[in-house]
Amino acid sequence: MLKRAQRPVEQEMSRSIRMAAAILMTSGALASAPIARAQEFTAQQKDAIGKIVHDYLIQNPEVLREAIAELDRRQKSDEAAQRASAIETVSTQVFDSKHQSVIGNPNGKVTLVEFFDYNCGYCKKSLPDIARLTKENPDLRVVLRDFPVLGPGSVEASQVAMAVGKQLQGDKFLAFHQKLLGSRSHVGKEQALAVARDSGVDMSQLDKDMKSPEIRAGIEEVMHIADKLALTGTPSWVVGKEVVVGAVGYSELAGKIANFKKCGKTACG
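Residues numbered from 1 in each chain as written. Predicted model: local features only at pLDDT ≥ 70, side-chain atom pairs only at ≥ 80, totals over all residues. Heavy atoms only, no water.

J.: Quick one: what's the story with the packing of aromatic side chains, residue by residue and with numbers?
T.: Under the counting rule described, the total for this entry stands at 3 aromatic pairs. With a centroid separation of 4.9 Å and an interplanar angle of 85°, the aromatic rings of Phe116 and Tyr118 are classed as edge-to-face. Taking the relative accessible area as the measure of exposure, Phe116 reaches 1% and is therefore buried. For the pair Phe173 and Phe176, a centre-to-centre distance of 5.7 Å together with 45° between the ring planes defines the contact as tilted. Remark: Phe176 and Phe173 occur in helix α7 (residues 170-181); sequence separation between them is 3 residues, near one turn of the helix. Considered together, Phe173 and Phe176 belong to a single accessibility category, that of buried residues. Here Arg132 stacks its cationic end above the ring of Tyr250, 3.7 Å away from the centre of that ring. (Phe/Tyr/Trp six-rings, centres within 6.5 Å; stacked < 30°, edge-to-face > 60°. Buried < 20%, exposed > 50% of the residue type's maximum accessible area, 1.4 Å probe, protein only. Helix = DSSP H or I, 4+ residues; strand = E, 2+ residues; numbered from the N terminus. Lys NZ or Arg CZ within 6 Å of the ring centre and 35° of its normal.)

J.: Go over the side chain of Thr266 with me, naming the residues and quoting the values.
T.: Looking at where Thr266 falls in the secondary structure, it is placed in the segment after α11 (250-263). Here Glu242 takes part through its side chain, which lies 2.4 Å from a polar atom of the side chain of Thr266. If near-sequence neighbours (up to four positions away) are discounted, Thr266 is found in contact with Val239, Glu242, Lys256, Asn259 and Phe260. (Polar contact = N/O pair within 3.5 Å; in protein donor to acceptor, adjacent residues only side chain to side chain. Contact = heavy atoms within 4.5 Å.)

J.: Can you break down the side chain of Asp146 residue by residue, with the values?
T.: With respect to the helices and strands, the residue Asp146 is situated in strand β3 (residues 140-146). No salt bridge forms around the buried Asp146; measuring N to O, its nearest opposite-charge neighbour Arg145 is 6.4 Å away. Ignoring any residue separated from it by four or fewer positions in sequence, one finds Asp146 in contact with Phe116, Tyr118, Ser158, Ala161, Met162 and Val222. (Lys, Arg positive; Asp, Glu negative; His and termini not counted. Salt bridge = Lys/Arg side-chain N within 4 Å of Asp/Glu carboxyl O.)

J.: Could you give me a rundown of the state of the cysteines, with the residues and numbers involved?
T.: Taken as a whole and assessed by the stated rule, the structure comprises 1 disulfide. Between Cys263 and Cys268 runs a disulfide, and the two sulfur atoms are separated by 2.1 Å. For the disulfide bridge between Cys263 and Cys268, the dihedral angle about the S-S bond is near -95°, and by the sign convention the bridge is left-handed. Residue class for Cys268 comes out partly exposed when judged on its relative accessible area of 28%. (Disulfide = S-S within 2.5 Å.)

If you want it as structure tokens, here you go:
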């Protein structure tokens, strides 16, 4: 997971001092002290304000919990807004790339994009969610994007799967995808080729397609998308202009899809 940037301690202290001073001025406790900027306080005044802040937080620790919750809410809101804006810059690559595979209704009115890795345990657990969503929503178009971030084996499996996608589409590709992703063992080139062979793929053509520059271009494209959308892991999803990171489960995805049908957004006001 990506770590959020941390504020310098000095900045947080300065902010706390300003806030405390404002409270004290309102109550008249520091009516004679100028509070234009924190650095204008004397060392003695800073010590006094710091003690007041410390004592207040010790006596009211729930304030910290509330502040942290609010900070988290604002950060998530900012991230969502940034991702929504970023989606517009890579919209074609996200929803209509030649490097993707589509299951469900190819002409569906609602599109759900999944970024997955064939060795991702949470992606494996999400397989039944996708099956249920496509069954219950005949107008749902599901875009599958290989996002191989879990090592060389994942990259190899991705290369095979993308080449298989040139021969198999729709339900036939879904059967291949489910069998490979549903494997309980670590997946690499050998396992992916075995599943492709069992799926009736022309292995000679598959070998040629795997060596095609398009396969590398497809992986480079998804990495570019991931960077733009700040994807931090698999599975990750896109519905409309919202990015959802993690195995959030059937209910949350179904709710967002239902809302999008209703009002064109994942959350209807």
